[in-house]
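What follows is the residue order along each chain.
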Amino acid sequence: MLAKQLDDLARAASAGGVSLDVALAVSTAGVATAISATATVSNLVWDKSPEDVRTINEEKLAAMGVGADTVRAFVTNRWLTPTLSVPFVEHLAQLPTSKGRAAVVALASTVASEGEARFMGNAVAMARQISAERDPVVALELVGRIMVVRTRGGRVAVPAPVDYVVWTEPVKAFAQRKDFKGAQRNILVTGIASARAREGLQATGWAVQEHSKR
């Protein structure tokens, strides 16, 4: 039913430029993930052919210094459709002072489902929102498949576009890492964290910001 509604919306968008704010709930490996993607589609997603979108993405990624093999893997990944790849690339392009963008693209190029693709897109969108004119993002670091954002002013933030965070051994191990020191350390969750997770994260020096914007 949702697919049909999105198809109808796509046909309406092709008739006149619109800005879409689509909120989807996707379950990946049994974990519900809150998803949203905002994209201006009038000139890119609906008005351009998939081949044109691919060329635009290739050019923008190359301009960021992403290697040719990584670019090829990204644009040929079937889960990174134009609707998902365009905002992902655009948000990365809006972080020009950030080191590590190529590694984030390399990770995105390995997604194996629509849920994973949307997760990566939302994480990058949140990273862009973290960046401020007076305190821009200067680095994107990866710990496994977790992205850590660093700003010029010393802030450290982890965008977590998920419904619910629980206190597991992997979360505990991440929170206790000694290499993420900063003046301010935040876990940005689009949903909420369990009471035990909030307690554990705060005990290790992380502030938990729930209901963060995507």
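Scroll up for the structure.
Values in this document were obtained by computation on a predicted structure and should not be read as measured data.

## Regarding the overall build of the protein chain
What the protein chain contains, in helices and strands, is 8 helices and 9 strands. Out of the 214 residues belonging to the protein chain, those deemed buried represent 43%. Look at the contacts in the protein chain between residues 6 or more apart in sequence, and 60% of them connect residues 24 or more apart. Only carbon and sulfur atoms are counted for the fraction: they give 53% of the accessible area of the protein chain, which is about 11000 Å².

## Description of the packing of aromatic side chains
Each aromatic ring pair is specified by the distance between its two centres and by the angle formed by the two planes. Using the criterion set out here, one finds 4 aromatic pairs in the structure. These aromatic residues form a ring-pair network of at least three members: Phe174, Phe180 and Trp206.

## Regarding the pairing of strand β7 (residues 184-189)
Among the 6 residues of β7, 5 are classified as buried, and the element is accordingly described as predominantly covered. Here strand β5 (residues 155-160) runs beside β7; their pairing, made up of 6 bridges, is parallel. Opposite alanine 157, over in β7, you have asparagine 186 as the bridge partner. With 3 bridges joining them, β7 and strand β9 (residues 207-209) adopt parallel strand pairing. Residue asparagine 186 lies in a different strand from β9, and its bridge partner there is alanine 207.

## Some thoughts on the pattern of salt bridges
Once the charged atoms of two side chains with opposite charge are near each other, the side chains can pair. For the structure shown, the criterion picks out 9 salt bridges. A salt bridge links aspartate 135 to arginine 155, with the nearest nitrogen and oxygen atoms 2.7 Å apart. Within this pair, whereas aspartate 135 is found in the loop between α6 (114-130) and β3 (137-143), its partner arginine 155 is found in strand β5, the two being separated by 20 residues in sequence. By relative accessible area, which is 23% here, arginine 155 ends up partly exposed. Salt-bridge contacts for glutamate 210 lead to arginine 198; the nearest nitrogen and oxygen are separated by 3.1 Å. You can see glutamate 210 sitting in the segment after β9 and its partner arginine 198 sitting in helix α8 (residues 195-203), a full 12 residues away along the chain. According to the relative accessible area criterion, glutamate 210 is partly exposed, its value standing at 27%.

## A few points about the environment of leucine 201
Mapped onto the fold, leucine 201 is located in helix α8. A relative accessible area of 3% places leucine 201 in the buried class. Separated by 26 residues in the primary sequence, leucine 201 and alanine 175 place their C-alpha atoms 6.2 Å from one another.

## Things to note about the packing of helix α2 (residues 50-63) against helix α4 (residues 82-93)
It is at 10 Å that the axes of α2 and α4 come closest, and there the two elements cross at 25°. With respect to α4, the axis of α2 lies roughly parallel. For the crossing formed where α2 meets α4, the hand is left-handed. Across the interface between the two elements, Val53, Asn57, Lys60 and Leu61 of α2 pack against Pro82, Ser85, Val86, Val89 and Glu90 of α4. Looking at the contact of α2 with α4, its residues break down into 5 nonpolar, 2 polar and 2 charged.

## A word on the sheet that holds β3
Pairing is mixed in the open sheet, where 5 strands are placed in the order β3-β4-β5-β7-β9. Every interior strand has two partners, whereas the edge strands, β3 and β9, have only one. Recorded for the sheet is a direction-independent mean angle of 25° between the axes of neighbouring strands. Pairing of strand β4 (residues 146-151) with β5, which is carried by 2 bridges, proceeds in the antiparallel orientation.

## As for the environment of threonine 55
Locating threonine 55 in the fold gives a position in helix α2. Separated by 20 residues in the primary sequence, threonine 55 and valine 75 have C-alpha atoms spaced 8.8 Å apart.

## Here we look at unusual backbone geometry
Residue histidine 211 is not a glycine yet carries a positive backbone phi of 55°. Examined against the element boundaries, histidine 211 turns out to sit in the segment after β9. Look at histidine 211 and you get exposed, because its relative accessible area is 58%.

So, how was this worked out
Sequence order sets the numbering: in each chain, residues are counted from 1 along the sequence as written. Side-chain atom pairs in this predicted model are given and counted only at pLDDT of 80 or more, local residue features only at pLDDT of at least 70, and totals for whole chains, interfaces and linings cover all residues. Heavy atoms from the whole structure form the basis of all side-chain values; hydrogens and water molecules are not counted. Only DSSP runs of H or I covering at least 4 residues are called helices, and only runs of E covering at least 2 are called strands; the numbering of each starts at the N terminus. Burial classes follow relative accessibility: with a 1.4 Å probe on protein chains only, a residue under 20% of its type's maximum area counts as buried, one over 50% as exposed, and anything between as partly exposed. Whether two residues are in contact is decided by their heavy atoms, any of which lying within 4.5 Å being enough. Computed by Shrake-Rupley with a 1.4 Å probe, the accessible areas treat only the displayed protein chains as cover when residues are assessed. What counts as a ring pair is set by centres within 6.5 Å for rings of Phe, Tyr and Trp (its six-membered ring), and what kind of pair is set by the plane angle: stacked under 30 degrees, edge-to-face over 60, tilted for all other angles. Any two strands are treated as partners once DSSP identifies two or more bridges connecting them. Counted as salt bridges are all cases of a side-chain nitrogen of Lys or Arg within 4 Å of a carboxyl oxygen of Asp or Glu. To get an axis, fit a line to the C-alpha atoms, keeping to the stretch in contact for a helix; angles then go from 0 to 180 degrees between the N-to-C directions. Roughly parallel covers angles under 35 degrees, roughly antiparallel covers those over 145, roughly perpendicular covers 65 to 115, and oblique covers all other angles. Left-handed describes a crossing whose near helix is turned anticlockwise from the far helix by less than a right angle; the clockwise case is right-handed. Under the grouping applied here, Gly and all other residues not named as nonpolar or charged are polar, the nonpolar ones being Ala, Val, Leu, Ile, Met, Phe, Trp, Tyr, Cys and Pro and the charged ones Asp, Glu, Lys and Arg.

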